[in-house]
Amino acid sequence: MKPENSIFLSSNLSDPPPSEIPTPAPAAVIIAPAARKHSVFWEWVETILVALILALVLRTFVVQPYQVHLHSMIATLEEGDMILVSKLSYKLGSPSRQDVVVFLPPVQGAEKDYVKRVIGLPGDTLDIKDGKVYINNEVLDEPYAKGPTNGGKYNHIQIEPGKVFVMGDNRTNSSDSRMFGQVSMDKLEGKVLLVFWPFNRIQWGF
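Note that this is a predicted model, so its numbers are computed, not measured. (Residues numbered from 1 in each chain as written. Predicted model: local features only at pLDDT ≥ 70, side-chain atom pairs only at ≥ 80, totals over all residues. Heavy atoms only, no water.)

Novice: Can you help me understand the pairing of strand β3 (residues 100–103) in this one?
Specialist: Note on strand geometry: in a regular strand, side chains alternate between the two faces of the sheet. Side chains of β3 alternate between two faces, with V100 and V102 and V101 and F103 buried alike. Relative to strand β4 (residues 114–120), β3 runs antiparallel, the two being bridged by four bridges. Considered in β4, the bridge of F103 is made with Y114. As defined by bridge partners, β3 adjoins strand β11 (residues 188–197) across three bridges and the pair is classed as antiparallel. Residue F103 lies in a different strand from β11, and its bridge partner there is L188. (Buried < 20%, exposed > 50% of the residue type's maximum accessible area, 1.4 Å probe, protein only. Helix = DSSP H or I, 4+ residues; strand = E, 2+ residues; numbered from the N terminus. Pairing = 2+ DSSP bridges.)

Novice: Explain the sheet that holds strand β7 (residues 138–139) here, please?
Specialist: Adjacent strands of a sheet pair through backbone hydrogen bonds, lying either parallel or antiparallel. Across the sheet, which stays open at both edges, the four strands sit in the order β7-β6-β5-β8 with antiparallel pairing between neighbours. Each edge of the open sheet carries a strand with a single partner, namely β7 and β8 (157–158). Pairing of strand β5 (residues 125–129) with β8 involves two bridges; the strand directions are antiparallel. The partner of T125 across the bridge, within β8, is Q158.

Novice: Explain the nonpolar core here, please?
Specialist: General note: in soluble globular proteins, nonpolar side chains tend to be found buried as a group. Membership of the largest hydrophobic core is limited to twelve residues, which are I119, L126, I128, V133, I135, L140, Y144, Y154, I157, I159, F165 and M167. Of all the secondary-structure elements, those providing two or more residues to this core are β5, β6 (132–135) and β9 (163–167). Once you skip the residues sitting within four places of it in the chain, Y154 turns out to touch L126, D127, I128, F165, S177, R178, M179 and G181. Counting eleven residues, the second-largest nonpolar core is a separate cluster that includes V68, M73, V85 and V192. (Core = buried A, V, L, I, M, F, W, Y, C linked by side-chain atoms within 4.5 Å. Contact = heavy atoms within 4.5 Å.)

Novice: How should I be thinking about the layout of surface pockets in this particular structure?
Specialist: Estimates place the volume of the largest pocket at around 240 Å³. Lining the largest pocket are Y66, Q67, V68, H69, L70, I83, V102, K112, D113, Y114 and V115. Put simply, the parts of the chain that give the lining of the largest pocket at least two residues each are β1 (63–67) and β4. Here the lining of the largest pocket is built from residues that sort into seven nonpolar, two polar and two charged. (1 Å grid on protein atoms, 1.4 Å probe; cavity = no way out; pocket = protein on both sides within 12 Å on 5 of 7 lines; lining within 4 Å. Points joined across faces, edges and corners; volume = space filled by probe spheres on them. Nonpolar A, V, L, I, M, F, W, Y, C, P; charged D, E, K, R; others polar.)

Novice: Which parts of the structure should I look at to understand the pattern of salt bridges?
Specialist: Pairing is possible between side chains that carry opposite charge, provided their charged atoms lie close to one another. Counted by the stated rule, this structure contains seven salt bridges. Between K163 and E160 there is a salt bridge whose closest N-O contact spans 3.2 Å. Of the residues examined, K163 reaches a relative accessible area of 27% and is grouped as partly exposed. (Salt bridge = Lys/Arg side-chain N within 4 Å of Asp/Glu carboxyl O.)

Novice: Would you explain the environment of G131 in this entry?
Specialist: Following the sequence through the fold, G131 ends up in the loop between β5 and β6. Under the relative-accessibility criterion, G131 is labelled partly exposed at 24%. The spacing of G131 and G147 is 16 residues in sequence and 8.3 Å in space, taken between C-alpha atoms. Beyond its immediate chain neighbours, meaning those up to four positions away, G131 contacts P148 and T149.

Novice: What is the right way to read the packing of aromatic side chains from this model?
Specialist: The relation between two aromatic rings is expressed through the spacing of the ring centres and the mutual angle of the planes. Taken as a whole, this structure holds four aromatic pairs when the rule is applied. Aromatic side chains W197 and F199 sit 4.8 Å apart centroid to centroid with 70 degrees between the ring planes, which places their arrangement in the edge-to-face category. By relative accessible area, F199 is classed as exposed at 62%. Of the aromatic side chains, those joined through ring pairs into one cluster are F103, Y114 and F180. Its guanidinium or amino end placed over the ring of Y144, R117 lies 3.8 Å from that ring's centre, counting from NZ or CZ. Sitting over the face of the ring of Y134, K129 holds its NZ or CZ atom 4.8 Å from the ring centroid. (Phe/Tyr/Trp six-rings, centres within 6.5 Å; stacked < 30°, edge-to-face > 60°. Lys NZ or Arg CZ within 6 Å of the ring centre and 35° of its normal.)

Novice: For this particular structure, what's the right way to read the pairing of strand β2 (residues 82–86)?
Specialist: Sheet topology places β1 next to β2; five bridges connect them, and they run antiparallel. Paired with V63 across the two strands is S86, which belongs to β2. In terms of strand pairing, β2 meets β11 through five bridges, oriented antiparallel. Following the sheet pairing, L84 is matched in β11 by L194.

As structure tokens, this is what we get:
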């Protein structure tokens, strides 16, 4: 006689094949609040460091902001204007006539940069007479100039190789090449691209 519990000891069921055995779900990874805060903190630190490095590279090699403190470029530039200067312009190319440029003036002990407009280029002949500028014996069209251009000692001078002749747009109130002479192109810090502050003064394309 079979024992009463034999039905529980014998079975027609066989073990399922390995492919049918359910795979246990992976355990959930729980990040503690403190760990999440720590991770976010370092992400912000990395972002700020990258931004600072990019800003330093841009300022050193590409563009740099300046603030205008003089009246010599009125009305193109006003005192207090914030301007953005391309430092690559004259590393990759040469200045063009009527570019507005920032440079260290050829004045002994000069520590502050000036901003003026390029008037004469290497090889040009320049005359100043009757309140006007003549380049290569032709009157230079200067809609930006404020007031007559004085400086009669500059009669048929030639701009030297590697130098430019610069003047402020405010012709009656500007210390420029009429006083300190021609400027070596290696003293040019860069070309003014735009005024970006204040908002009501935003402009570009000088």
